Amino acid sequence: MKKIIIKTSVVLGLIIVLKALYSIVSLAMLKWFLYPMIPVIELFTYSNFEWIPELGFSAPSGIIIEKSCAGGNFFIICFAFLCFKLCKFQRITDTLVRMIFLGICSYFIMIIANTARIISAIKLADWEWTHTIIDPKTAHFVLGSILYIFTLLFLNHFISSKHVTIQTT
């Protein structure tokens, strides 16, 4: 029981620190965080993005990828989820190494999920008939939420030791 309380406290403390840091970080500091998504987004949307320091990555078509599109909150959620699922709090060095590894994994998962979210939102906004059904900003928000939830569900299924494999004979 004591280990569970320690684990929960450490992970919650880490979440609070990460969220506080992410809320005060500037757009210029997030350039490295956003950049790995840009070449893939350019490939699928046929747009060229240019970095504008006070705006973010901007395309001539009017698409802007800025701080709210960075995926920082999803990174924090994914990191916390992986820490709760996969961290075993034993020795401090082992735990720190594992948390660093899970942070790196969370970053790459965030890049994949966020790139898919941005590309699908751009493609969805290109379809004229969607504007009659739903506001593009609402569609972007709902699409992102659904994609992030399914990403976390897939991760949970993938890393869960409790899922059952059925063998056919």
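Located above this text is the structure these notes cover.
Residues numbered from 1 in each chain as written. Predicted model: local features only at pLDDT ≥ 70, side-chain atom pairs only at ≥ 80, totals over all residues. Heavy atoms only, no water.

Novice: Explain the sheet that holds strand 3 (residues 64–65) residue by residue, including any values.
Specialist: One open sheet holds the 3 strands; their spatial order is 1-2-3, and the pairing between them is antiparallel. Edge positions in the sheet fall to strand 1 (50–52) and strand 3, since each of these pairs with one other strand and no more. Sheet topology note: the strand 2 (residues 56–58)/strand 3 ladder contains 2 bridges and is antiparallel. Bridge assignment links Phe57 to a residue of strand 3, and that residue is Ile65. (Pairing = 2+ DSSP bridges. Helix = DSSP H or I, 4+ residues; strand = E, 2+ residues; numbered from the N terminus.)

Novice: Tell me about the nonpolar core, and name the residues and values.
Specialist: Ranked by internal contacts, the top residues of the largest apolar core, which has 39 residues, are Ile41, Ile65 and Phe74. At the level of elements, helix 1 (2–24), helix 2 (31–34), helix 3 (38–45), helix 4 (72–86), helix 5 (92–126) and helix 7 (136–159) are the ones that each hand at least two residues to this core. If one sorts the elements of this core by residue count, helix 5 sits on top with 10 residues. In this structure Ile41 touches Tyr46, Phe49, Ile65, Thr115, Ile118, Ile119 and Ile122, once residues within four positions along its chain are discounted. (Core = buried A, V, L, I, M, F, W, Y, C linked by side-chain atoms within 4.5 Å. Buried < 20%, exposed > 50% of the residue type's maximum accessible area, 1.4 Å probe, protein only. Contact = heavy atoms within 4.5 Å.)

Novice: Tell me about the environment of Ala116, and please be specific about residues and values.
Specialist: When you line up the elements, Ala116 lands in helix 5. Separated by 102 residues in the primary sequence, Ala116 and Leu14 place their C-alpha atoms 27 Å from one another.

Novice: So what's going on with the layout of surface pockets? Residues and values would help.
Specialist: By rolling a water-sized probe across the atoms, one finds the places where empty space is left. Space inside the largest pocket adds up to approximately 410 Å³. In terms of lining, the largest pocket is formed by 15 residues, of which the most central are Ile63, Ala121, Ile122, Ala125 and His140. Elements that contribute at least two residues to the lining of the largest pocket include exactly strand 3, helix 5 and helix 7. The dominant element in the lining of the largest pocket, judged by the number of residues it contributes, is helix 5, at 6 residues. In the lining of the largest pocket, the residues fall into 11 nonpolar, 2 polar and 2 charged. Approximately 350 Å³ is the volume attributed to the second largest pocket. (1 Å grid on protein atoms, 1.4 Å probe; cavity = no way out; pocket = protein on both sides within 12 Å on 5 of 7 lines; lining within 4 Å. Points joined across faces, edges and corners; volume = space filled by probe spheres on them. Nonpolar A, V, L, I, M, F, W, Y, C, P; charged D, E, K, R; others polar.)

Novice: Go over unusual backbone geometry, please, and point to the residues and values.
Specialist: Positive phi, normally seen in glycine, also occurs at Tyr46, with a value near 55°. Looking at the secondary structure, you find Tyr46 in the loop between helix 3 and strand 1.

Novice: For the state of the cysteines, give the residues involved together with the corresponding values.
Specialist: What the rule picks out here adds up to 0 disulfides. The cysteine Cys69 is free of any disulfide, with Cys78 supplying the nearest cysteine sulfur at 18 Å. Considering cysteine sulfurs only, Cys78 is the nearest to Cys105, which forms no disulfide, with 8.7 Å between them. Given the relative accessible area of 24%, Cys105 is considered partly exposed. (Disulfide = S-S within 2.5 Å.)

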